[in-house]
Amino acid sequence: MNRIELVEKIAVAHNLSKAEAARVLETITSSIVAAVKKDDPVQIVGFGTFKQVARAARSGFNPSAGTKIKIAAQKVPKFVPGAAFKAAVDPKAAKRKADSKAATAKPAAKKAAAPAKKAVAAKKK
C-alpha cells in the first residue's frame, strides 16, 4: 500500500474528500516526525512506538576500493511494533508467546506458595 491508497482508504472510511484525508495523514506523519526529531517517542498503544536511537560510530568496508572506512555516529528513527500489531501479522507466533509465558508463570506461582506453607507449619510448632 502506498500513500495514495492510504489516503483513499481514510477518505472512504471516514466520509472525507481525498484532499481532507491527505491533510489528516500529513498532520499525523508530520507530528510523528517532529516528536521523534525532538527525541520524544510516540507510542500508539496496540500499534507501536516511533523513537529515535543513537547508532554508535563503527568501521566499515568499501568493497570498490578495498579499504576500511569510518562510519560516523548518527541518530536514526526506529519503529517497534506493538503486541497487537505483531499478533495481527502472525497470530501463531502470538499464541506461542502467550503459551510460553503461561508455562513459565505456573512454576513461579508454585515456588511462591511453598514458603508460605513452611511459615504456617513453623507457627503451629
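Everything below is about the structure printed above this text.
Since the model is a prediction, treat every value here as computed from it, not as a measurement. (Residues numbered from 1 in each chain as written. Predicted model: local features only at pLDDT ≥ 70, side-chain atom pairs only at ≥ 80, totals over all residues. Heavy atoms only, no water.)

Draft legend 1. Region of the structure containing the pairing of strand E2 (residues 48–55). Pairing between strand E1 (residues 42–44) and E2: three bridges, direction antiparallel. Paired with Val 42 across the bridge in E2 is Phe 50. If you look at the hairpin formed by E1 and E2, you'll find three residues sitting between the two strands, and Gly 46 has a positive phi there, around 90°. Two strands pair when backbone bridges link them, and E2 and strand E5 (residues 74–81) are joined in this way by eight bridges, in the antiparallel orientation. The partner of Gly 48 across the bridge, within E5, is Pro 81. (Pairing = 2+ DSSP bridges. Helix = DSSP H or I, 4+ residues; strand = E, 2+ residues; numbered from the N terminus.)

Draft legend 2. A look at the packing of helix H1 (residues 3–13) against helix H2 (residues 18–37). Two elements in contact, H1 and H2, have axes separated by 8 Å at closest approach and are oriented at 110°. Relative to H2, the element H1 is oriented roughly perpendicular. At the point where H1 passes H2, the crossing takes the right-handed sense. Where H1 abuts H2, its residues Arg 3, Leu 6, Val 7, Glu 8, Ile 10 and Ala 11 lie against Lys 18, Ala 21, Ala 22, Leu 25 and Glu 26. Here the residues of the contact of H1 with H2 sort into seven nonpolar, no polar and four charged. (Axes fitted to C-alpha atoms, helices over the stretch in contact; angles between N-to-C directions. Parallel < 35°, antiparallel > 145°, perpendicular 65-115°, else oblique. Left-handed = near helix turned anticlockwise from the far one by under 90°. Contact = heavy atoms within 4.5 Å. Nonpolar A, V, L, I, M, F, W, Y, C, P; charged D, E, K, R; others polar.)

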